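Observations on chain architecture
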Amino acid sequence: MKSSSAMERTPKHRICIVSGDNLHARLLQTCLMSAFAGTNIVCTDADLGSIISRTPNYPYVVILDCRNCDYSEIAQKLGTGDKTIPHSIKIALYNISDDRGLGLAPLVQRFNVRGVFYRKDSQETFIRGLEAILSGQLWLTRKILSRCALQAQSPSNSLPDWTNAPLSERETEILRHVVSGKRNQEIADLMGIQLNTVKTHLYNIYKKTNISNRLQGVLWAKIHLNRRMQESAQ
């Protein structure tokens, strides 16, 4: 049965399945076409850099088949040469084996991966995760997010201190909504402001904190907003 959110999905996105296993990719394509009616879903064995070159500004969710891949091979799949992954393209990994070593966390942080799907995940879980990614949320385990946060605090990979990024009360409120998984439109509705105003505040937040994407924003907030609350309570 199709979920209501999937049925109501407008065709403003494309889902691109990147896999060398043509049969498996076609089966997945058929499944997603049923769940996301009206969404353009394509299969390819092209590399990520080629996809970016062909459609640099088209909103894509690109899901990379990582079956039987080790971390170095996954990194190669995520590589784009000298090309920058535009904000319009959201990356997800699927067919990931059990990641008890959490070796994915550095790749998630480095390449701004928006979702990770494991081989043991059900079809329902896969669809729910894609719905979340399409709506601007992250689909990552708590363990991966925690590991990313720890990496962000290391001296070689640190995020700016709170004192160097004094956010306004409105910016802080918006960032808290981002951490809770709210989409930009949901934030606008909750706060009674225009969508463009939310985007402007996010731009200012990213500029002040010297971060470049939503995942880094979530990690920065988990560290520094909690620190600010602790300092205020003292």
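Since we're looking at a predicted model, the values are computed, not measured.

**A closer look at the overall build of the protein**
Of regular secondary structure, the protein possesses 11 helices and five strands. Every one of the 234 residues in the protein was classed for burial, and the buried ones make up 47%. A sequence separation of at least 24 residues applies to 72% of the contacts in the protein between residues at least 6 apart. Approximately 12600 Å² of the protein is accessible, and the part contributed by carbon and sulfur atoms is 48%.

**Structural notes on the packing of helix α9 (residues 184–191) against helix α10 (residues 195–209)**
In contact at an axis separation of 8 Å, α9 and α10 are set at 110 degrees when each is read in the N-to-C sense. Between α9 and α10, the angle is such that the two are roughly perpendicular. Note on element contacts: α10 touches α9 through L195, V198, K199 and L202, opposite N184, Q185, I187 and A188. Of the residues belonging to the contact of α9 with α10, the class tally is five nonpolar, two polar and one charged.

**Thoughts on helix α2 (residues 22–35)**
Look at α2: 20 Å from first C-alpha to last across 14 residues, which is about the 20 Å you get at 1.5 Å a residue. Along α2, the residues classified as buried are A25, L28, Q29, C31, L32 and A35. When α2 is viewed along its axis, its buried side chains cluster within an angular range of 165 degrees and face the same direction. Opposite the buried face of α2, at more than 90 degrees from it, the exposed residues are L23, L27 and T30.

**A closer look at the pairing of strand β2 (residues 40–44)**
In this sheet, β2 lies alongside strand β1 (residues 14–18) in parallel orientation, the contact comprising five bridges. Looking at the pairing, R14 lines up with N40 of β2.

**Notes on the nonpolar core**
Grouped together as the largest cluster of nonpolar side chains are 31 residues, with contacts concentrated most on V62, L78, L93 and V116. Discounting chain neighbours no more than four positions away, the residues touching V62 are C16, V18, L48, I51, I89, K90, I91 and A92. Residues I63, Y94, L130 and L134 belong to the second largest nonpolar core, which totals 20 residues.

**Observations concerning the pattern of salt bridges**
Counting across every chain of the model gives one salt bridge. Note that E186 and R183 form a salt bridge whose closest N and O atoms lie 3.5 Å from each other. Using a relative accessible area of 27% as the deciding quantity, one classes E186 as partly exposed.

**What to know about the environment of R147**
Mapped onto the secondary structure, R147 falls in helix α7 (residues 142–152). Residue classification places R147 among the partly exposed positions, given a relative accessible area of 33%.

Calculation criteria
- Think of each chain on its own: its residues are numbered from 1, step by step along the sequence as written.
- Only residues with pLDDT of at least 70 get local features here, since the model is predicted, and only at 80 or more are side-chain atom pairs given and counted; chain-wide, interface and lining totals rely on the full set of residues.
- Each side-chain value is derived from all of the structure's non-hydrogen atoms; neither hydrogens nor water enter the calculation.
- Here a strand is any run of E in DSSP of at least two residues, a helix any run of H or I of at least four, and the numbering for each starts at the N terminus.
- Remark: exposure states derive from per-residue accessible area (1.4 Å probe, protein chains only) relative to the maximum for the residue type, with buried under 20%, exposed over 50%, and partly exposed in between.
- Residues are treated as being in contact if the distance between any of their heavy atoms lies within 4.5 Å.
- Per-residue and other accessible areas were derived by the Shrake-Rupley procedure at a 1.4 Å probe size, with only the shown protein chains allowed to occlude residues.
- Simply put, an axis is a line fit to the C-alpha atoms, just over the touching stretch for a helix, and the angle between two N-to-C directions goes from 0 to 180 degrees.
- Each angle gets one of four labels, with under 35 degrees taken as roughly parallel, over 145 as roughly antiparallel, 65 to 115 as roughly perpendicular, and the rest as oblique.
- Residues are grouped as follows: Ala, Val, Leu, Ile, Met, Phe, Trp, Tyr, Cys and Pro are nonpolar; Asp, Glu, Lys and Arg are charged; every other residue, Gly included, is polar.
- Expected helix span is given by 1.5 Å per residue-to-residue step, counting one fewer step than there are residues.
- The directions from the helix axis to the C-beta atoms form the arc being described.
- DSSP bridges decide pairing: two strands pair if at least two such bridges lie between them.
- What makes a nonpolar core is a set of buried Ala, Val, Leu, Ile, Met, Phe, Trp, Tyr and Cys residues whose side-chain atoms join them at distances within 4.5 Å.
- Throughout this description, the term salt bridge denotes a Lys or Arg side-chain nitrogen within 4 Å of a carboxyl oxygen of Asp or Glu.

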